[in-house]
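# Notes for the structure review
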There are 2 protein chains.
Amino acid sequence: PWIAVESDSSDVTKRSDLHRMMDMTAEKLRLVGGSVEMVDVGTQALPNGSSIALPKVVTARFGEDPSKRTVCVYGHVDVQPAKKEDGWATDPYELTDIDGNLYGRGASDNKAPVLAWIHTVEVYKALNIDLPVNVKFIIEGMEETGSNGLDDMIVAQKDSFFSDVDYIIISDCVWLSRRPALTYGTRGNCYFFAKVEGPKKDLHSGVYGGTVMEPMTDLIGILDKLISPSGKILIPGVREAVAHLSDEEWKMYQDIEFDLESYKSEIGLSQLMYSNKVDLLAHRWRHPTVSIHGIEGAFSSPGTKTVIPAKVIAKFSIRQVPNMDPAVVEKQVTDYLHSVFAKRKSPNKLNVTMVIGAKPWLADPKHPLYEAGKAAVKRVFAVEPDLIREGGTIPIARTFQDVTGKSIIMLPIGGFDDGLHSQNEKISRYNYMEGTKLFIAYLHEVSQIKKY
Amino acid sequence: PWIAVESDSSDVTKRSDLHRMMDMTAEKLRLVGGSVEMVDVGTQALPNGSSIALPKVVTARFGEDPSKRTVCVYGHVDVQPAKKEDGWATDPYELTDIDGNLYGRGASDNKAPVLAWIHTVEVYKALNIDLPVNVKFIIEGMEETGSNGLDDMIVAQKDSFFSDVDYIIISDCVWLSRRPALTYGTRGNCYFFAKVEGPKKDLHSGVYGGTVMEPMTDLIGILDKLISPSGKILIPGVREAVAHLSDEEWKMYQDIEFDLESYKSEIGLSQLMYSNKVDLLAHRWRHPTVSIHGIEGAFSSPGTKTVIPAKVIAKFSIRQVPNMDPAVVEKQVTDYLHSVFAKRKSPNKLNVTMVIGAKPWLADPKHPLYEAGKAAVKRVFAVEPDLIREGGTIPIARTFQDVTGKSIIMLPIGGFDDGLHSQNEKISRYNYMEGTKLFIAYLHEVSQIKKY
């Protein structure tokens, strides 16, 4: 029934579904015995000047024994947009079981993991076993659009809701292969707009072409100087800041289960940027990269149009890793693009702004939280977990760390091929069931962590 | 009343207005004594697979005296899209007279010139003067979207409607300054799609960034090699083909009334590609140029999206001038881009296609048709006309020339600041009235041309 709720946080016309999803989450947590609150986190401004209510954040508490550890499970129940026409084999909003896989939007990201956590406390209750740790939940409904409202709430409740929390657990990511994994780092992201403005209005390319320096040509010219064909970032200073790959890391990467061939076939490319596992993983997780996402203001429809666009805005981003600093990167990129642009001697105007500056997050995979994770994985799956990172950004992890100062673990249960944000998202019954067992085991292992 | 008809040929929901516009045109021509036909030119296929009727082409004949010359006036009564919200000061579909300017979509392009031609034959009739030449009309309703149906009709009627035509007159362009002008050339246009295809679907730039060679980076890399910041086309062979600027041309350009400062302020730029009149006019009219219009398939909306687009299609065009040949240009561009792309050693696939290959058109400004034009301008305006070209493409001129073999003149009456295809399109009462007088005088002058 959770999949059937179209809790798409990016679509304001679906906001009532999203509110209903938060109500259902709260109700579920109450049913299994939690003390639940729905926290009003204010309103969201819309482009048209009006505003609508944000979905409430659901918090819950199970147990308040001061002699026990307290963990806080973070999750979200909003989803990315999905339409059957996008290429889904099944209705994205009807949970469909095919050969042991449960298909539906939000199945893996992040509804099933949230349910698995709720079932974890339910299991302890059903078996009449005391929870080995106190468990809190913080479940939001705006993750897919930037956790609007949650950052402020974390700051506001730093000394109340979070005061007795020892550890924060996030299960909003996936394994790298069929082997279970613990995630100890994510990349951050600096997202830039580079705007080149020229004529006061769009011009006909026949009538004016050849007489003006075109903003689009200027923009292409500077974008081409960001990264080399072989993936080398050309912005001075950016690569120099990056922490070096240690021998220990190299060894860790070497041991990780990761098949280059299946990665290639998954994305449909005959050749990757690097042809060995360590280089590839390193550039996925712990090196920065530049991606050019697109250009606003130019002609982007099918067909032909003979236009010289007057104002064009490139969107590109640079993934952040230790020891990069977004404020420094902002200056490096801005200075560099202006210097490249100056050489063109164009009368057009360049404006570079950084609109997102999200830092990377990195945990110590030898921290007791991770040792507990390794023990739980070994207990349930009888293997050692891979210690992995995420190439993407989970800004909330960094916010939790910076605001609350608590230790964080990312404990994924989703499969590497779950298709998050893509068509035909799914979670397998196996991952869902064994994942729940993992969570059950993990609470036990955490309860064993000594205060130090 | 003609302006009030929203005869936007690009918008199929306005097709009934367009049919009405053709009926009104036919009726008007009948009223002033023409033998009118409405020629069915078939249907237009729509993207959804259905088809709708094309607007009929209106032909008319005034006089059949075999001892007289026969001219054929070409015009169109369809218009570009226009909405008040685009920034119009007045309702674009309500003719509004402000300080002697008649504002409205289609006012200058091309409804007023068509009416001026109809009024020209009406004046002869009202004054009971025999037309000095036989006059035919061919008025279409699909010019703004590529004259769908007309090319075939011209071929079909080459030996019927066109058999007794001596000259074709097109008044679908404007003066260069306040001085009347005759237009003796237009640039052609080769329009290209360059598609780079990589992964089988769009990828998350966090999760995959750094591990794949991104199609967008490849595309930017090859686009940046098309033209230098100073406007030099970098595709081998393209510039070499261009006819050299002769001393005579240089002298002609030197004499043309054209103010660089007002051109700059019209388009809102502090600096143009060339700072002297001759170079600027030459690069507007008789040199090729490259314009990059935009990219399809990448992220082009406001806001941010962290996507690695899987398939991106750049749209760019190269204006054609004598002695370029579109078939040769197609090969030059395709070979060059593939060679530039090959150096990148990318696993992505590049596909280059030329979707439009329109040749330039050039007349001899010393031809008797132009001498007649100079005489008519002198009679009405008491000045010598500027002899100018158009930077844009009027493919129908080239079609008339290639299919019928007739001589063609472009005889504009619109003002340089009429804002064709733009907001606040207008024609001044002065240009409209004096333009009608010019047409009246022109018919007289053409009747004086000796057979040679």
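Residues numbered from 1 in each chain as written. Chains lettered and ligands numbered in written order. Predicted model: local features only at pLDDT ≥ 70, side-chain atom pairs only at ≥ 80, totals over all residues. Heavy atoms only, no water.

Moving on: the overall build of chain A. Tallying secondary structure elements over chain A gives twelve helices and 20 strands in all. For a compact globule of 452 residues, the expected C-alpha radius of gyration is about 22 Å, and chain A comes in at 24 Å, within 12% of that figure. By principal-axis analysis of the C-alpha atoms, chain A measures approximately 80 × 55 × 45 Å. In chain A, 79% of the contacts between residues at least 6 apart in sequence involve partners at least 24 apart. Working note: accessible area of chain A is about 17,800 Å², and carbon and sulfur atoms make up 51% of it. A distance of 4 Å separates the average location of the 52 positive side-chain charges in chain A from that of its 59 negative side-chain charges. (Helix = DSSP H or I, 4+ residues; strand = E, 2+ residues; numbered from the N terminus. Rg over C-alpha atoms; globule rule 2.2 N^0.38 Å. Contact = heavy atoms within 4.5 Å. Areas by Shrake-Rupley, 256 points an atom, 1.4 Å probe, with all protein chains shown as cover. Lys, Arg positive; Asp, Glu negative; His and termini not counted. Charge placed at Lys NZ, Arg CZ, Asp CG, Glu CD.)

The subject of this paragraph is unusual backbone geometry. Following A:P322, the chain continues into A:N323 via a peptide bond in cis, with omega recorded as 5°. If you trace the backbone, A:N323 turns up in the loop between β15 (311-320) and α9 (326-343). Cis rather than trans, the peptide bond between B:D109 and B:N110 has omega equal to 15°. In this fold, B:N110 is placed in helix α2 (residues 107-126). Residue A:A382 is not a glycine yet carries a positive backbone phi of 60°. As for its placement among the helices and strands, A:A382 is situated in the loop between α10 (368-381) and β18 (386-390). A relative accessible area of 64% places A:A382 in the exposed class. Unlike most non-glycine residues, B:N128 shows phi in positive territory, near 60°. Mapped onto the fold, B:N128 is located in the loop between α2 and β8 (134-140). The class for B:N128 is exposed, based on a relative accessible area of 74%. (Buried < 20%, exposed > 50% of the residue type's maximum accessible area, 1.4 Å probe, protein only.)

This next bit is on the relation of the copies chain A and chain B. Between the two copies, chain A and chain B, the superposition gives an RMSD of 0.1 Å; the rotation angle is 180° and the shift along the axis is 0.1 Å. The superposition of one copy onto the other is thereby described by a two-fold rotation axis. No C-alpha of chain A approaches the rotation axis more nearly than that of A:I220, which lies at 2.9 Å. Mapped onto chain B, 100% of the interface residues of chain A again fall at the interface, so both copies present the same surface. (Least-squares fit on C-alpha atoms with pLDDT ≥ 70 in both.)

Our focus in this paragraph is the domain arrangement of chain A. When the parts of a complex come together, some accessible area is lost, and that lost area is often taken as the interface size. Residue and element names in this part refer to chain A. Structurally, chain A comprises domain 1 (12-186 + 360-448) and domain 2 (188-242 + 287-358). When each unit is reduced to the centre of its C-alpha atoms, the spacing between domain 1 and domain 2 is 36 Å. Counting residues at the interface gives seven residues for domain 1, matched by seven residues for domain 2. For the pair domain 1 and domain 2, the summed buried area comes to about 510 Å², and 65% of that belongs to carbon and sulfur atoms. For the pair domain 1 and domain 2, the number of links is zero salt bridges. The interface formed by domain 1 and domain 2 contains two residue pairs in polar contact (both at pLDDT 80 or more). (Domains from an automatic or database assignment. Buried area = accessible area lost by both parts, 1.4 Å probe. Salt bridge = Lys/Arg side-chain N within 4 Å of Asp/Glu carboxyl O. Polar contact = N/O pair within 3.5 Å; in protein donor to acceptor, adjacent residues only side chain to side chain.)

Here the focus is the side chain of B:E214. Its location among the elements puts B:E214 in the loop between α4 (205-208) and α5 (215-223). With no salt bridge to any partner, buried B:E214 finds its closest opposite charge in A:R187, at an N-O distance of 7.9 Å. Among residues more than four places away in sequence, those in contact with B:E214 are A:V290, A:S291, A:I292, B:G209, B:I308 and B:N348.

Our focus in this paragraph is the interface of chain A and chain B. With 78 residues of chain A at the interface, the matching set in chain B holds 78 residues. Carbon and sulfur atoms supply 55% of the area buried between chain A and chain B, which totals about 6,100 Å² over both sides. On the chain A side of the interface with chain B, the three residues burying the most area are A:T211, A:I220 and A:H293, jointly 10% of the side's total. Between the two partners, chain A and chain B, sit two salt bridges. B:D224 is the salt-bridge partner of A:K225, the closest N and O atoms lying 3.1 Å from each other. The tally of links between chain A and chain B comes to 39 residue pairs in polar contact (both at pLDDT 80 or more). For the side of chain A that touches chain B, the element with the highest residue contribution is strand β13 (residues 290-296) of chain A, accounting for seven residues. When the residues that make up the side of chain A that touches chain B are grouped by side-chain class, the tally is 32 nonpolar, 31 polar and 15 charged. (Nonpolar A, V, L, I, M, F, W, Y, C, P; charged D, E, K, R; others polar.)

Let us look at the pairing of β18(A). Every regular strand shows the same layout, with side chains that alternate between the two sheet faces. Residues and elements named next belong to chain A. Here β18 lies mainly inside the structure; five of its five residues are buried. Of the two faces of β18, the one lined by D386, I388 and E390 and the one lined by L387 and R389 are each fully buried. With five bridges joining them, strand β10 (residues 181-186) and β18 adopt parallel strand pairing. Bridge pairing links G185 to R389 in β18. (Pairing = 2+ DSSP bridges.)

Now for the pattern of salt bridges. This model, assessed by the stated rule, comprises 60 salt bridges over all chains. When the shortest N-O distance is used, the salt bridge between A:R30 and A:E27 registers 3.3 Å. Pair noted here: A:R30 and A:E27 are both in helix α1 (residues 15-31), with a separation of three residues, about one helical turn. Residue A:R30 is classed as partly exposed on the basis of its relative accessible area of 40%. Given the relative accessible area of 40%, A:E27 is considered partly exposed. The residue B:D335 makes a salt bridge to B:K331 at a minimum N-O spacing of 2.6 Å. Residue B:D335 and its partner B:K331 are located together in helix α9 (residues 326-343), separated by four residues, close to a single helical turn. Residue classification places B:K331 among the exposed residues on the basis of a relative accessible area of 52%.

Let us look at the environment of A:G209. The topology assignment puts A:G209 in the loop between α4 (205-208) and α5 (215-223). A:G209 gets classed as buried once you look at its relative accessible area, which sits at 0%. For the pair formed by A:G209 and A:I308, sequence separation is 99 residues and the distance between their alpha carbons is 7.6 Å. Aside from chain neighbours lying at most four places away, what touches A:G209 is A:H204, A:E214, A:I308, B:R187, B:H283, B:R284, B:T289 and B:S291.

The UniProt feature table records "domain: Peptidase M20 dimerisation" (unreviewed entry) at residues 194-341 of chain A. The distance from the first to the last C-alpha atom of residues 194-341 of chain A is 11 Å, and the span holds 37% helix and 17% strand. (UniProt positions renumbered as here; feature names shortened; annotations may be inferred.)

Moving on: the side chain of B:S428. Residues and elements named next belong to chain B. With respect to the helices, strands and loops of the structure, S428 is situated in strand β20 (residues 426-428). Given the relative accessible area of 11%, S428 is considered buried. Setting aside anything within four residues of it in sequence, one finds S428 in contact with G100 and N101.

On to the sheet that holds strand β6 (residues 96-98) of chain A, then. Residue and element names in this part refer to chain A. Strands sit in the order β6-β7-β20 across an open sheet of three strands; the sheet is antiparallel. Edge positions in the open sheet fall to β6 and β20 (426-428), since each of these has one partner strand only. When strand polarity is set aside, the average angle formed by the axes of neighbouring strands in this sheet is 25°. Examined bridge by bridge, β6 and strand β7 (residues 101-103) share three bridges and lie antiparallel to one another. Counterpart to T96 in the pairing with β7 is Y103. Across the face of the sheet, helix α2 (residues 107-126) comes into contact with β7 and β20 while running at roughly 50° to β20. (Axes fitted to C-alpha atoms, helices over the stretch in contact; angles between N-to-C directions.)

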